[in-house]
Amino acid sequence: MVERAGVIQAAQRARGLDTEGSVRARLRGIMPLVGPVILSSLTEVEERSLALEVRAFGRPGRRHLLWRIPDSGAQLAARALALLALLAAIVLRATGNLAGLP
Amino acid sequence: MIEVVDLVHVYPGGTRALDGVSLRIAAGERVAIVGQNGSGKSTLVRHFNGLLRPTEGRVLVDGRDAAGRRVAGLAATVGLAFQDPDRQIFAGKVRDEVAFGPRNLGRRGAELEAAVDAALADTGLDGEAATNPYDLGYSRRKLLALASILAMGTPVVVLDEPTTGQDARGVARVQSIVAGLAAEGRTIVAISHDMRFVAESFDRVVVMRAGTVDLDGSPAEVFARDAWPTLAATYLEPPLPARIGAELGLATPTQAALIAALAAGSPR
Amino acid sequence: MLELRGATYRYPGYAREVLVGIDLVVGDGEIVGLVGPNEAGKSTLCLVASGLAPASIGGKLTGILAIDGESMADRPTHELAERVVVCFQNPNTQRSGIAATVFEEIALGPMNLGLPVAEIVERTREAIALLRLDSIALRDPSRLSGGQAQLVGIASLLAMRPGHVILDEPTAQLDPAGTRLVGEALRALAERGSSLLIAEHKTGLLDAVCSRIVAIDAGRLVLDGPTREVFADPRLEAIGVEPPARQRLATALATAGLEGRVRLADLEAAS
């Protein structure tokens, strides 16, 4: 919006609108900017909403950009081994066979 | 009329849009500036009325340095129509929109009315004086933006892509406006991608690439075969009559010139 | 295949019809050019053929829009978007405003279609390659020139691999190089079987890519035929449409009685 206002102000200055003079001149210079800033914003909103709809923006359902990375065989085996080791540790601890450790 | 000397412009982001441009445009010339998107064409012309100020180099308008002169003052000499009409149209009525520029330049009363009427007639909008600009289609809003610059009666008129979005009749209208300005002895500078318009309506073509001027000459020179490699580097293609003419050993940038040369019984 | 049968349309709040009784078929793999003077109804026809009018902007449509033989009446816009996409001429309004890079901007459409990520990335990369946008893929989409932004807009639609594409003056902001790139991209799309309808003033581009041209004037279809035939038809100039340079030159040579003097096709090929 600020950028747009800048371009619009440039276009009006090119038509002799004084924005560098006295405070009064500057205040008077605001009016011809308000119309195009608001109007062009409104028409853009309409066009932009159409452009978004074209890109299926209103489609229901979740969307995300997370990759599903499949485990390799080795990773699967390591995962299973870790689980087994944990179970083994619990069993050993419960049966008192790890009692010597802190 | 307008002279730029070793002009360099660097935008706040660091983009070097102009990289040492020197150009002298005499009063009454019709100059087309062509080049790829982003080659610095719009940046260059915005120096002519002080909207942009040189990072290095100088701009002279009417023989005097533009530095230190207000845009509002320079606008009395150089009228600049932007590419997008919707960035300048603000009034509720076509007539008020066109009157804005000349009023800023101090025209009043019958003089103002006459300037507005003439600009509306030239752009074919004379029947739409009381219409809301946004009830006009894009192509006619574009003509309205052009009318609002014409009405200022500036000695120099700069047009950024005046034929964009115009159909055949619209382009013909813009061409007749350019011819009319030339007949009044006013200076016209236009940025355009439309090579046919450029070849037919201008007496000088400036080719820009990456912030510098690559070619500068008449349409016959700029579209001549030995300039093609330079044109190709800017991704521009000469108009068809120039290409066909070159095959026949003729320098004919326009269709009318090609037909005339053939009818006159030139070689082959 | 995209089909309009007896399509008559008026905008909400207007009494006058902007399109009257349009019959138009765009076959699979076909590129049809749409020409007409300003305010003849070209943009409206683009909106109606894409279903956005009336689905999104309201108004009253009589007649039928059918895609692959199915009527599109009363379909929600996101369903339409999976079948047909439309590209407008103003690059500023085609930007989503929510993507940080050109890559993400182009990926947005496929993402909205709910595709798997690998597919989204593949399609995005392909669209970027097709329009030679590699060098700006990581740039902020709001900081592009008008021409670049337009190419990004077109790439965003190509990435959706649409079966039906409608383009309303896609090259108005583009220089000759950009225009040529768009032409190549459209041809690539048609070769994959998409049907395309392009409204354009640049008849040179249409001459290069279209197999058929339809002309409208004051909301009615006035010409429909093979590209060369329509461009050679004197009625085209009568409604204010400029034929391509090659055609104009051929006509001018014939008028001047010089057509025997030059072999236009050979010379054009040579240059």
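Participant: So what exactly am I meant to see when it comes to the overall build of chain B here?
Facilitator: For chain B, the count of helices and strands is eleven helices and ten strands. By the compact-globule yardstick of 18 Å for 268 residues, chain B fits well, its C-alpha radius of gyration being 19 Å. Principal axes of the C-alpha set define a box for chain B whose edges measure 60 × 45 × 30 Å. By residue count, 56% of the 268 residues in chain B fall in the buried class. Pairs at least 24 residues apart make up 63% of the contacts formed inside chain B by residues separated by at least 6 positions.

Participant: What should I look at first to understand the overall build of chain A in this one?
Facilitator: For chain A, the count of helices and strands is four helices and zero strands. Along chain A, helices (α) and strands (β) appear in the sequence α-α-α-α when read from the amino end. In terms of overall dimensions, chain A is more spread out than a globule: its C-alpha atoms have a radius of gyration of 34 Å, far above the 13 Å expected for 102 residues. With respect to the three principal axes, the spread of C-alpha positions in chain A is 95 × 40 × 20 Å.

Participant: Got a minute to help me understand helix 1 (residues 42–49) of chain C in this structure?
Facilitator: Every α-helix carries 3.6 residues per turn, so stepping three or four residues along brings you back to the same face. Residues and elements named next belong to chain C. Most of helix 1 is tucked away, with eight of its eight residues classed as buried. Among all positions in helix 1, only Lys42, Ser43, Thr44, Leu45, Cys46, Leu47, Val48 and Ala49 are buried. Just past helix 1, the residue glycine 51 takes up positive phi, approximately 85°.

Participant: Sorry if this is basic, but what is going on with the interface of chain B and chain C here?
Facilitator: Each side of the interface is counted separately: chain B has 28 residues, and chain C has 30 residues. Broken down by secondary-structure element, the contributors of at least two residues to the side of chain B that touches chain C are helix 6 (168–183), helix 10 (240–247) and helix 11 (255–263) of chain B. In terms of residue count, helix 10 of chain B provides more of the side of chain B that touches chain C than any other element does, six residues in total.

Participant: Whenever I open this one, the sheet that holds strand 7 (residues 156–160) of chain B confuses me. Can you help?
Facilitator: In a beta sheet, neighbouring strands are held together by backbone hydrogen bonds and run either parallel or antiparallel to one another. Residues and elements named next belong to chain B. In space, the six strands of this open sheet follow the order 6-7-8-3-9-10, with mixed pairing throughout. Either end of the sheet is taken by a strand with one partner, and the two such strands are strand 6 (78–81) and strand 10 (212–217). Put simply, the sheet's adjacent strands are angled 15° from each other on average, direction ignored. Where strand 3 (residues 30–35) and strand 9 (residues 204–209) come together, five bridges link them in parallel fashion. Looking at the pairing, isoleucine 33 lines up with valine 206 of strand 9. Relative to strand 6, helix 5 (residues 138–150) is tilted by about 175°, and along the sheet it contacts strand 6 and strand 7. This element, helix 6, spans strand 3, strand 7 and strand 8 (187–191) of the sheet and lies at about 150° to strand 8.

Participant: Sorry if this is basic, but what is going on with the environment of Ile259(B) here?
Facilitator: Mapped onto the elements, Ile259(B) comes out in helix 11. Along the sequence, Ile259(B) and Pro241(B) sit 18 residues apart, while their C-alpha atoms lie 8.9 Å from each other. Those residues in contact with Ile259(B), other than ones at most four positions away along the chain, are Ala252(C), Leu253(C), Ala256(C) and Leu258(C).

Participant: For this particular structure, what's the right way to read the interface of chain A and chain C?
Facilitator: By a widely used convention, the size of an interface equals the accessible area lost when the partners come together. Contacts between chain A and chain C engage 18 residues on the former and 24 residues on the latter. Counted by class, the side of chain A that touches chain C contains nine nonpolar, two polar and seven charged residues.

Participant: Before we go on, may I ask you to explain the confidence of the model for chain A in this structure?
Facilitator: Caution applies to low-pLDDT regions: their predicted coordinates should not be interpreted in detail. With 90% of its residues at a pLDDT of 70 or more, chain A has an overall mean of 79. Within chain A, helix 2 (residues 23–28) of chain A has the poorest average pLDDT of any element, 75, and helix 4 (residues 73–94) of chain A the best, 91.

Participant: Sorry if this is basic, but what is going on with the packing of helix 6 (residues 146–158) of chain C against helix 7 (residues 176–191) of chain C here?
Facilitator: Helices that pack against each other are described as a pair by the angle of their axes relative to one another and the distance between those axes. All names here are of chain C. It is at 11 Å that the axes of helix 6 and helix 7 come closest, and there the two elements cross at 5°. Considered as vectors, helix 6 and helix 7 are oriented roughly parallel to each other. Facing helix 6, whose interface residues are Gly147, Leu151, Ile154 and Leu158, helix 7 presents Gly178, Leu181, Val182, Ala185 and Leu189. Considering only residue class, the contact of helix 6 with helix 7 consists of seven nonpolar, two polar and no charged.

Procedures and definitions
- Within each chain, residue numbers correspond to sequence positions counted from 1 in written order.
- Chain labels run from A onward and ligand labels from 1 onward, assigned in the order the entries are written.
- Totals for whole chains, interfaces and linings use every residue, but because this is a predicted model, local features are given only for residues with pLDDT of at least 70 and side-chain atom pairs only at 80 or more, for both listing and counting.
- A run of H or I in DSSP counts as a helix once it spans at least four residues, and a run of E counts as a strand once it spans at least two, with each numbered from the N terminus.
- Radius of gyration here is computed from C-alpha atoms only, and the compact-globule reference equals 2.2 Å multiplied by the residue count raised to the power 0.38.
- Using C-beta atoms placed from the backbone, we call a residue buried if 20 or more other C-beta atoms fall within 10 Å of its own, exposed if 12 or fewer do, and partly exposed for counts in between.
- The contact rule is simple: place each C-beta atom from the backbone, and if two of them lie within 7 Å, those residues are in contact.
- Any two strands with at least two DSSP-identified bridges between them are counted as paired.
- Here an axis means a line fitted to C-alpha atoms, over the contact stretch when the element is a helix, while the angle between two N-to-C directions is reported on a 0 to 180 degree scale.
- In this count, Pro and Cys sit with the nonpolar residues alongside Ala, Val, Leu, Ile, Met, Phe, Trp and Tyr, while Asp, Glu, Lys and Arg are called charged and the others, Gly among them, polar.
- Across the chain, each position has a pLDDT score giving the predictor's confidence in that residue, from 0 to 100.
- If an angle is under 35 degrees, it is roughly parallel; if it is over 145, roughly antiparallel; if it lies from 65 to 115, roughly perpendicular; otherwise it is oblique.

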